[in-house]
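Architecture and fold: a report
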Amino acid sequence: MTDGLPPFVTFTTGAPLLMELGLVDTITPDGLRYHARQNPDWWRFGDRADQTPYVMVGRIRTMETGTFIEMFKDGPRRGGRGRKKS
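The text that follows walks through the structure, step by step, so that each part is easy to find. Quick caveat: nothing in here was measured; it's all calculated off a predicted structure. (Residues numbered from 1 in each chain as written. Predicted model: local features only at pLDDT ≥ 70, side-chain atom pairs only at ≥ 80, totals over all residues. Heavy atoms only, no water.)

It is worth spelling out the overall build of the protein at this point. A count of helices and strands for the protein gives three helices and three strands. When the helices and strands of the protein are read in sequence order from the N terminus, they spell out β-α-α-β-β-α. Split into buried and exposed, the 86 residues of the protein put 38% on the buried side. A fraction of 55% describes how many contacts in the protein between residues 6 or more apart in sequence connect residues 24 or more apart. Entry remark: accessible area of the protein is about 5600 Å², with carbon and sulfur atoms responsible for 49%. (Helix = DSSP H or I, 4+ residues; strand = E, 2+ residues; numbered from the N terminus. Buried < 20%, exposed > 50% of the residue type's maximum accessible area, 1.4 Å probe, protein only. Contact = heavy atoms within 4.5 Å. Areas by Shrake-Rupley, 256 points an atom, 1.4 Å probe, with all protein chains shown as cover.)

Structure (structure tokens):
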């Protein structure tokens, strides 16, 4: 993971981080939630054996930042405005 990044992100903090890193043109926390619901085979966080578990902080789901960023390297699946590989 890159120095200076938080160890964990939430849907609310992850959306602006993706834009800041240039991995998507635009996305909102609700857009991330949409991807989590609509793209379960691509979304890397959850309760399945092939997913990374969310880390609960109180009632808030957090995601390990490195895994979260790697997931968006190819851009979000249908419906998003992720940057495509050249």
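After that view of the structure, there is still more to cover.
Secondary-structure assignment places Arg61 in strand β3 (residues 60–64). Overall, the relative accessible area of 45% leaves Arg61 in the partly exposed class. Spatially, the C-alpha atom of Arg61 lies 9.8 Å from that of Phe45, the residues being 16 residues apart in sequence. Not counting residues within four places of it along the chain, the set of residues in contact with Arg61 comprises Val9, Thr10, Phe11, Tyr54, Val55 and Met56.

These figures capture arrangement, not role.
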